Amino acid sequence: YLEESGGGLVQAGGSLRLSCAASGRTYSTGWFRQAPGKERDFVAAITWSGDSTLYADSVKGRFTISRGNAENTVYLEMNGLKPEDTAVYYCAAECQDYKLGQGCDYWGQGTQVTVSS
């Protein structure tokens, strides 16, 4: 299973760090988000080894995905947050296509991120 944590309320321009802890082995992992009334969007992904990352254009330069020393934990460091970043953030693992969010073997329950203006 996957378990997210670290969401919360922050002012625009602020920062948050989300964590995704996986049970069992290390997986390729991605972050997605879904705002109210909108479709779920890809945010970032990292390979199981941590040697390659992928970002949505909307978060490049502001968000960083990384693996912790305990390699079954993946972090999403979010800086320069904007009100439009407000969403429920989900982590997912072992996806066949991260940009489309398809074919994912595991999903977390989500954590709310709210950015006030």
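Placed above this text is the structure.
This write-up is about the structure you can find in this document. This one's a predicted model, so the numbers in the text were calculated from it and none came from an experiment. All residue numbers refer to position in the chain's written sequence, counted from 1. Totals for whole chains, interfaces and linings use every residue, but because this is a predicted model, local features are given only for residues with pLDDT of at least 70 and side-chain atom pairs only at 80 or more, for both listing and counting. Excluded from the side-chain calculation are hydrogens and water; included are all heavy atoms of the structure.

### Side note on the packing of aromatic side chains
Thinking step 1. Note on aromatic contacts: the rings of Phe and Tyr and the six-membered ring of Trp form a pair at centre separations within 6.5 Å, being stacked when their planes are under 30 degrees apart, edge-to-face when over 60 apart, and tilted otherwise. Inspection of every chain in the model, using the stated rule, returns four aromatic pairs.
Thinking step 2. Ring geometry for Phe32 against Phe42: centres 5.9 Å apart, planes inclined by 70 degrees, an arrangement best described as edge-to-face. Here Phe32 is found in strand S4 (residues 29–34), whereas its partner Phe42 is found in strand S5 (residues 41–46), with ten residues between them in sequence. Neither Phe32 nor Phe42 differs from the other in exposure class; each is buried.
Thinking step 3. Geometrically, the ring pair formed by Phe32 and Tyr98 is stacked, given 6.4 Å between the ring centres and 20 degrees between the ring planes. Of this pair, Phe32 sits in strand S4 while Tyr98 is found in the loop between strand S9 (87–93) and strand S10 (106–107), placing the two residues 66 residues apart along the sequence.
Thinking step 4. Over the ring of Tyr75 we find Arg17, and its NZ or CZ is 4.1 Å from the ring centre.
Thinking step 5. Sitting over the ring of Phe32, Arg40 keeps its end group 5.9 Å from the ring centre. Helical segments are the DSSP runs of H or I of at least four residues, strand segments are the runs of E of at least two, and each set is numbered from the N terminus. Buried, partly exposed and exposed residues are distinguished by accessible area as a fraction of the type maximum, computed with a 1.4 Å probe on protein chains only: under 20%, between the cut-offs, and over 50%, respectively. Lysine and arginine charges are scored as sitting over a ring when NZ or CZ, respectively, is within 6 Å of the ring centre and within 35 degrees of the ring normal.

### Regarding the pairing of strand S1 (residues 2–5)
Here is the key point about a regular strand: its side chains alternate between the two faces of the sheet.
Thinking step 1. The two faces of S1 differ: Leu2 and Glu4 on one face are buried, but Glu3 and Ser5 on the other face are not.
Thinking step 2. Examined bridge by bridge, S1 and strand S3 (residues 16–22) share four bridges and lie antiparallel to one another. When the sheet's bridge partners are listed, Glu3 is paired in S3 with Ala21. Strands were regarded as paired on the criterion that DSSP finds at least two bridges between them.

### Notes on the pattern of salt bridges
Thinking step 1. By definition, a salt bridge exists where a carboxyl oxygen of Asp or Glu is found within 4 Å of a side-chain nitrogen of Lys or Arg. As enumerated under the stated definition, the model contains three salt bridges in all.
Thinking step 2. One salt bridge connects Arg33 with Asp85, and the closest N-O pair in it is separated by 2.9 Å. Of this pair, Arg33 sits in strand S4 while Asp85 sits in the loop between strand S8 (73–78) and S9, placing them 52 residues apart in sequence.
Thinking step 3. Residue Lys60 is joined to Asp57 by a salt bridge in which the shortest nitrogen-to-oxygen separation is 3.2 Å. Taken individually, Lys60 and Asp57 each receive the classification exposed, so the pair is uniform in this respect.
Thinking step 4. The structure contains a network of salt bridges with shared partners spanning Arg33, Arg62 and Asp85.

### Points about the sheet that holds S1
Thinking step 1. Taken together, four strands build an open sheet; the order of strands is S1-S3-S8-S7 and the sheet is antiparallel. Of all the strands in the sheet, the pair left with one neighbour each is S1 and strand S7 (63–67). The average angle at which neighbouring strand axes cross in this sheet is 15 degrees, direction not considered. Here, axes are lines fitted to C-alpha atoms. For helices the fit covers the stretch in contact, and angles between N-to-C directions go from 0 to 180 degrees.

### Quick word on the environment of Lys82
Thinking step 1. With respect to the helices, strands and loops of the structure, Lys82 is situated in the loop between S8 and S9.
Thinking step 2. Here Lys82 falls in the partly exposed class, since its relative accessible area comes to 33%.
Thinking step 3. Along the sequence, Lys82 and Ala56 sit 26 residues apart, while their C-alpha atoms lie 15 Å from each other.
Thinking step 4. By definition, residues are in contact when any of their heavy atoms lie within 4.5 Å. Sequence-distant contacts of Lys82, that is, excluding residues within four places in its chain, are made with Arg62 and Val115.

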